[in-house]
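Coordinates in review
The primary structure of each chain is shown beneath.
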Amino acid sequence: MIQWSLPMGWGFTAGRSLPRATTQTVLTGQVRDALVRLNPGVVDGFDVDAVVEEIVATVNAVEGGLVRANEQVLRLLRGHKEFRDADGVWHALKVIDVEHPTANTLVVSDEVTITVPGKTPRRFDLVYWVNGLPLVVVEVKSPTAKSGWAKAAREINDVYAAEYPWFFTPNVFAVASDGLKLRFGAVGAPLNLWQPFRSTADDENLSGQADVQRSVELLLNPATVLDMLANFALFDTSGGGVDKKYLPRYPQMEAAHLIHERVVAGGQKGLIWHHQGSGKTLLMVFAASLLLADTRTESPTIILLSDRTQLVRQTSGVFTSAMGDAYFHQPATSAELRALLADDVRGVISTTVHKFADAGKNLATRDNIIVLVDEAHRTQSDKSKSLAGQMRAALPYAKVFGMTGTPLRNLATDTFALFGEETDPGRVLHRYSVSRSLRDEATVPVMLDPHPVSFDMNGQELQAEFDQFADDFDLDDPDREALSRKFGRLTSVFANPDRIHTVCQDIVDHYLAGAYRNGLKAQVVAYNRELAVAYTDKINELLAGFEASQALAEVGKHDRITAEVNISVSDSKDEDPAMRPYRLSEAEEEEQKRRFLTPDDPLCFLVVTAKLMTGFDAPNEGVLYLDKPLKAHTLFQTITRPNRTWVSPTGFVKTSGVVVDYIGLAEEVQRAVVDPTSEGAGKKGGGFVTNPSELVAEFRTTFARIEDLLADVDDLDLTVHGYESVRAINVFLDANAGAAEVFSKDYRLLARLYPLINTDKRVAKYRDGFGLFGSVYTTLFKKSSDEERKERLGELGPMVLEIINAHVHSFTVVASQEEPLVLDAQGIAILKELMALVRPKPDKDDGEDKTPPSAAEILDRIKAALEKGVDPGSAKYTALAERIRLLRDQIIQNAQDALDFLSEALRIARAIVNAEKHPDEAVVVLDDDHVGVLSRIIHDHAPPGLTVTERNLAEEIDQVVTRTLAQTWDNADARNRGVRRATAAVFRRYMLKPVGEPYDSTVAYIEAHYLVD
């Protein structure tokens, strides 16, 4: 890093050679020289040594906390602090020349020691000094060390700044790097706010040391450091919360400069496209700060325009801290906004577009009014009567810049045309694509997890029943039409109590199995306000149940967690009385959001229907349950709620967000998330939305490749994660040229996939094998040469074992061909029946074996019984053996597959017993007498008054099911649903309800004996 820094103007001085005592923060001689050099004609009236002492005293003062002290020192370094000369006159003195970097003394030092009596001495790896003030501290780790950049950042936060805070009062930013990744951040900021520093003009696939070198050249360039000091290190210390320091992400810095340059050049507009969740609101703040500081803008009025009051509040603290109350205005009413503009007020006005309603024409005609519009696609229109049209009429010469991160090509309002300058490429002034945002880890990918809710409906019967109802009540056609419109909509389906229960049960089960265990929270989007209330009540009912309390007890964090509703409820007299109890005041809503954002608070679900779906920034939201049809930009903004980065207090790193989709919006999502930036145009999703099934399939394929690679390792048991297994694999990899490289490459892919799919039941069976492979990889990693380690670290990043441990939880182990079957009550009942058929009963003294047999053991016992009872050369044996072979080839993917396996094994076992009893009869394994069995089931469970013979009903069911199975289906789930629907239709034709008995037993039989793959 030192070598990369020298060509940029930094001079090197070893830490031990600096002109300072180890107790000093400031190089006082260089500060003194800078004061004399940078303040000609003014400094002569000062006692320079006294000024230096005052500066040193300001630097060493940390009362009120590091953030406030940092704010005060940076204010001094910007030249905003005045000093009194010998005549008692106050002057602002320049300590650093931020406009001319080379006019300053620039020094980089290594191994800079700081100590005071009674404290442990500490040594900073690198310090970048400007005029004797330590503006940047760098902590580095070796690329070959197990610890990465994150450990370096934690040491800065938790050790250096905690023990020696006064060394960081002049700090602009800190840097942490392991030679493969570089991150910069405000000292004390959470690790998820430490960001890379790159350029949107560079190849976004740059990685490893080349990426770090480029980051050093961009970030530690003296011009960038001083630009950050002068314009981009902003603070919110205005009270009402934790003191904060804001530093820009590199796309925010680039875009803010472009807006500033266009305004100064006389440009009228520009469109900024930055991926949703990457910080557009803060970008507006940085741009406004630049514009206000430039005298060429002639004391402008900057309007921060949003369509939500929440964003107005978010920006207020920064400006109040930077400028004081006098230059920041937050009008409460439309009349107050009009008065501010009519009075020619300067500074910042933060408001919503709605307050421009009826503003009139030519309210303010200056051309140095700059409007920065957040979420520019939502309320901006070129129609003169729209809110945006009224705003433009009121401010006819204003310069207007739009910020958006939403795909817009297909919207009626073409935001690109409205805000985009024709001379800009694609009419976009600055773009920050989805793929860059994900690579920079400014946002996380979102997994789209379809949980479609199907239902059966016979339209003809429904219409006939409705007509009969209308006839009974003598309704005329208009009344019939009104009722059809009211109750024939989708609302009726969504409001079905069975559906509400089904969806809410799935939500609770899914949340407690995954997101809750990692400290994440959830949002639920319901169809309308009434359903939002109903979902909240049902979720709370389920959360109070026994199963939920067991899951909570297992995690050991809360005795009880809750859901709350957040919906729009007006205070008008026309409001539905049933909704009024759910109206929240502004203070109550802020308190609700605060509790949701607090990791330890038991409020874990927010249930909404329209509010909080856009603009609500909740980094700890891990999953969004979507049960409402949405389209276009509203859908896009909703599904980006979980894409914010987050690190939990316990160190869990959120690597993805999840959208559980109950509507079946997959295609609509793909249309909504097309990245309109030039580099991603036309690509679905831009890598932002992923279907977990694709990742699961890739994980399985990769895992199978490793299994195949290790097939010759003697007696290897992937379920045993111990030293012997690790050693056996290592011996094999060492003995086979190239095997270690193949293994490592595939394992790194598994490690990248696993955190994204670890809650999926389909990969639970691979947990032990994955852990074993991780241990093997660790031993290979330790044996690697430096170059190999660098390469592996570059691909993998920090070691993944900690990630594995953070993500792996106590899932039910799913059966595979060699794993024990862990079953529910239904499976155990089938298992008992099966074992009674294929093995003799134990003697009284033996006791019954309580351990569930493995799938292979079951098949071996069936085979043994088969060989004992049937001639191996007979057609019977061939038919049965073929069935066993097919079973052996079957991969059991989840619990339902395990039950299907057992059911099929039971059929074979019964056939074997039958073959033993009737050795001369043909054995039909693949085509049982379904009609006879179905007739018996229907007879056994027939409801009173059944007027049809069981045989007729059974024959029709058999025909319908067989015919349905002959159709082409996309997958087994669709086929099975089709069979169930067809069976239900037969029951309805016979005036039998497709619920309860005999329907349930009939369907159970069909699933066990017709639907065998």
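Residues numbered from 1 in each chain as written. Predicted model: local features only at pLDDT ≥ 70, side-chain atom pairs only at ≥ 80, totals over all residues. Heavy atoms only, no water.

**Some words on the overall build of the protein**
Selection criterion: Strands are runs of DSSP state E lasting at least two residues, helices are runs of H or I lasting at least four, and both sets are numbered from the N terminus onward. A 1.4 Å probe rolled over the protein chains alone gives each residue an accessible area, and that area as a share of the maximum for its type sets the label: buried under 20%, exposed over 50%, partly exposed in between. Whether two residues are in contact is decided by their heavy atoms, any of which lying within 4.5 Å being enough. Only the protein chains shown count as cover for residues, and the accessible areas themselves come from Shrake-Rupley with a 1.4 Å probe.
A count of helical and extended segments in the protein gives 38 helices and 24 strands. Within the protein, the fraction of its 1013 residues that count as buried is 51%. A separation of at least 24 residues holds for 73% of the contacts in the protein among residues at least 6 apart in sequence. Element-wise, carbon and sulfur atoms account for 51% of the exposed surface of the protein, whose accessible area totals about 45700 Å².

**Examining the packing of helix 8 (residues 250-264) against helix 9 (residues 280-293)**
We count it as follows: Fitted lines through C-alpha atoms give the axes, limited to the stretch in contact for helices. The angle between two N-to-C directions lies from 0 to 180 degrees. Angle categories: roughly parallel below 35 degrees, roughly antiparallel above 145, roughly perpendicular from 65 to 115, and oblique for all the rest. Each crossing gets its handedness from the near helix: less than a right angle anticlockwise from the far helix is left-handed, clockwise is right-handed. Lys, Arg, Asp and Glu make up the charged group, whereas Ala, Val, Leu, Ile, Met, Phe, Trp, Tyr, Cys and Pro make up the nonpolar group; the residues left over, Gly among them, are polar.
With their axes 9 Å apart at the nearest point, helix 8 and helix 9 run at an angle of 40 degrees to one another. By the angle between their directions, the pair helix 8 and helix 9 is classed as oblique. By crossing handedness, the relation of helix 8 to helix 9 is classed as right-handed. Of the residues in helix 9, those touching helix 8 at Q252, A255, A256, H257, I259, H260 and V263 are L282, L283, F286, A287, L290 and L291. Classifying every residue of the contact of helix 8 with helix 9 by side-chain character gives ten nonpolar, three polar and no charged.

**Thoughts on helix 37 (residues 972-989)**
What counts is decided by this rule: In a helix, the anticipated span is given by 1.5 Å times the number of residues less one.
Helix length check: helix 37 (18 residues) gives 26 Å between terminal C-alpha atoms against 26 Å at 1.5 Å per residue, within 8%. Taken together, the buried positions of helix 37 are occupied by A974, R975, N976, G978, V979, A982, T983, A984, V986, F987 and R988. Trailing helix 37 by a residue or two, M991 shows a phi angle of about 60 degrees, which is positive.

**Re the nonpolar core**
Rule in force here: Nonpolar cores are built from buried Ala, Val, Leu, Ile, Met, Phe, Trp, Tyr and Cys residues. Side-chain atoms within 4.5 Å join them into one set.
Counting 105 residues, the largest nonpolar core has L77, L135, F168, F173, M228 and L372 as the members making the most contacts within it. The contact partners of M228, leaving out residues within four places of it in the chain, are R78, V172, F173, F184, F197, L219, A233, L247, P248 and M253. A522, Y535, I561 and F699 belong to the second largest nonpolar core, which has 70 residues in total.

**Thoughts on the pattern of salt bridges**
For the record, the criterion: Counted as salt bridges are all cases of a side-chain nitrogen of Lys or Arg within 4 Å of a carboxyl oxygen of Asp or Glu.
Applying the stated rule across the entire model yields 30 salt bridges. When the shortest N-O distance is used, the salt bridge between D344 and R346 registers 2.9 Å. Since its relative accessible area comes to 25%, R346 is described here as partly exposed. A network of salt bridges, in which partner residues are shared, links R198, D211, R439 and D440.

**A word on the sheet that holds strand 15 (residues 369-373)**
For clarity, the threshold we go by: A strand pair is defined by DSSP finding two or more bridges across the two strands.
Ordered in space as 13-14-12-15-16-11-17, the seven strands form an open sheet in which the pairing is parallel. Strand pairing shows two members of the sheet lacking a second neighbour, strand 13 (328-329) and strand 17 (430-432), which therefore form its edges. On the sheet, helix 8 packs against strand 11 (269-274), strand 15, strand 16 (399-404) and strand 17 and is oriented at approximately 175 degrees with respect to strand 11. Along the sheet, helix 11 (residues 334-342) contacts strand 12 (301-306), strand 13 and strand 14 (347-352); its crossing angle with strand 14, the most-contacted strand, is approximately 155 degrees.

**What about the environment of T22?**
Looking at the secondary structure, you find T22 in the loop between strand 1 (11-12) and helix 2 (28-38). Among the residues examined, T22 registers a relative accessible area of 36% and is labelled partly exposed. C-alpha separation for the pair T22 and P121, spaced 99 residues apart in sequence, amounts to 9.0 Å. Each residue touching T22, except ones within four places of it in the same chain, is listed here: T113, I114 and T115.

**Considering the sheet that holds strand 5 (residues 122-130)**
Through backbone hydrogen bonds, the strands of a sheet pair up, either in parallel or in antiparallel fashion. Pairing is mixed across the open sheet formed by six strands, whose spatial order is 1-4-5-6-7-8. Taken across any chain shown, the strands that pair with only one partner, and hence form the sheet edges, are strand 1 and strand 8 (182-185). Looking at chain direction, strand 6 (residues 133-140) and strand 7 (residues 173-177) are connected through five bridges and run parallel. Residue V140 lies in a different strand from strand 7, and its bridge partner there is S177.

**A closer look at the side chain of D227**
Stated precisely, the cut-off is as follows: The sign given to each residue is positive for Lys and Arg and negative for Asp and Glu; His and the chain ends receive no count. Any pair of nitrogen or oxygen atoms within 3.5 Å is treated as a polar contact; in protein, a donor-acceptor pairing is required on top of that, and neighbouring residues in sequence qualify only through side-chain atoms on both sides.
Tracing the backbone through its elements, the reader meets D227 in helix 7 (residues 222-232). Summary of buried charges: D227 has no salt-bridge partner, and the nearest side chain of opposite charge, R78, is 9.3 Å away. Among the polar contacts made by the side chain of D227, one reaches the side chain of N231 at a distance of 2.7 Å. Within the local environment of D227, its side chain forms a polar contact with the side chain of H257, the two groups lying 2.5 Å apart. With near-sequence residues (within four places) excluded, D227 lies in contact with F232, M253 and H257.

**Considerations on the packing of aromatic side chains**
Heads up, the condition is: Aromatic pairs are defined between Phe, Tyr and Trp rings, using the six-membered ring for Trp, whenever the two ring centres lie within 6.5 Å; interplanar angles under 30 degrees are classed as stacked, those over 60 as edge-to-face, and all others as tilted. Throughout this description, the term charge over a ring refers to an Arg CZ or Lys NZ atom that lies within 6 Å of the ring centre and within 35 degrees of the ring normal.
Summed over the entire model, instances satisfying the criterion amount to 23 aromatic pairs. Relative to F184, the ring of F173 lies with its centre 5.6 Å away and its plane at 75 degrees, an arrangement referred to as edge-to-face. One end of the pair, F173, is in strand 7; the other, F184, is in strand 8, and eleven residues separate them in sequence. In this pair, the class of F173 matches that of F184, namely buried. Relative to F773, the ring of F743 has its centre 5.9 Å away and its plane inclined at 90 degrees; by these criteria the two rings are edge-to-face. Taken together, the residues span a long stretch of sequence, with F743 in helix 27 (residues 739-757) and F773 in helix 28 (residues 767-783) at a distance of 30 residues. When sorted by exposure, F743 lands in the same class as F773, which is buried. Chaining the aromatic ring pairs together yields one cluster made of F699, F703, F743, Y747, Y766, F770 and F773. If you follow K119 out to its NZ or CZ, it ends over the ring of Y164, 5.8 Å from the centre. Over the aromatic face of W149 sits the side chain of R183, whose NZ or CZ is 5.6 Å from the ring centroid.

**Brief notes about the pairing of strand 11**
Within strand 11, five of the six residues are buried, which leaves the element mostly enclosed by the surrounding structure. The sheet contact formed by strand 11 and strand 16 spans five bridges and is parallel. Residue pairing in the sheet places G270 in a bridge with F401 of strand 16. As paired strands, strand 11 and strand 17 are joined by three bridges and run parallel to one another. When the bridges of strand 17 are listed, I272 appears paired with H430.

**Examining unusual backbone geometry**
The backbone phi angle of S299 is positive, close to 50 degrees, even though this residue is not glycine. If you trace the backbone, S299 turns up in the loop between helix 9 and strand 12. Its identity is not glycine, yet D344 carries a phi of approximately 60 degrees, on the positive side.

**Comments concerning the confidence of the model for the protein**
What counts, and what does not: pLDDT measures how confident the predictor is about each residue, on a scale from 0 to 100.
Predicted confidence across the protein gives a mean pLDDT of 77, with 70% of residues reaching 70 or more. The low-confidence segment residues 785-827, where pLDDT is below 50, has 108 contacts with residues more than four positions distant or belonging to other chains. Note that pLDDT drops below 50 for residues 888-897; the model gives that stretch 23 contacts with residues more than four away or on any other chain.

**Considering the side chain of R436**
Looking at where R436 falls in the secondary structure, it is placed in helix 15 (residues 434-439). At a separation of 2.4 Å, a polar atom in the side chain of R436 contacts the main-chain carbonyl oxygen of D202.

**Some remarks on the pairing of strand 8**
Neither face of strand 8 is left uncovered, since the one carrying L182 and F184 and the one carrying R183 and G185 both have all their residues buried. Two elements, strand 7 and strand 8, share four bridges in a ladder whose sense is antiparallel. Bridging from a neighbouring strand, V175 pairs with F184 of strand 8.

**Some words on the environment of G65**
Looking at where G65 falls in the secondary structure, it is placed in the loop between helix 3 (48-60) and helix 4 (66-77). You can call G65 partly exposed: its relative accessible area is 30%. When the C-alpha positions of G65 and T169 are compared, they lie 9.8 Å apart, and in sequence the two are 104 residues distant.

**Observations concerning helix 21 (residues 546-555)**
Applied cut-off: The directions from the helix axis to the C-beta atoms are what the arc is built from.
Turning to helix 21, its buried residues are A548, A551 and L552. In a view along the axis of helix 21, the buried residues occupy a sector of 100 degrees, so they form one face of it. Among the exposed residues of helix 21, those oriented more than 90 degrees off its buried face are F546, E547 and A553. Looking at the buried positions of helix 21, the neighbouring elements they touch are helix 19 (497-513) and helix 20 (529-543). A positive phi of about 75 degrees marks G556, the residue just after helix 21.

**A word on the packing of helix 36 (residues 950-965) against helix 37**
In the contact formed by helix 36 and helix 37, the axes pass within 9 Å of each other and the chain directions differ by 150 degrees. Judged by the angle between their axes, helix 36 and helix 37 are roughly antiparallel. Handedness of the crossing formed by helix 36 with helix 37: right-handed. Contact with helix 36, carried on its side by L953, E956, I957, V960, V961, T964 and L965, involves R975, G978, V979, A982, T983, V986, F987 and R989 of helix 37 and no other residues of that element. In terms of residue class, the contact of helix 36 with helix 37 is built from nine nonpolar, three polar and three charged.

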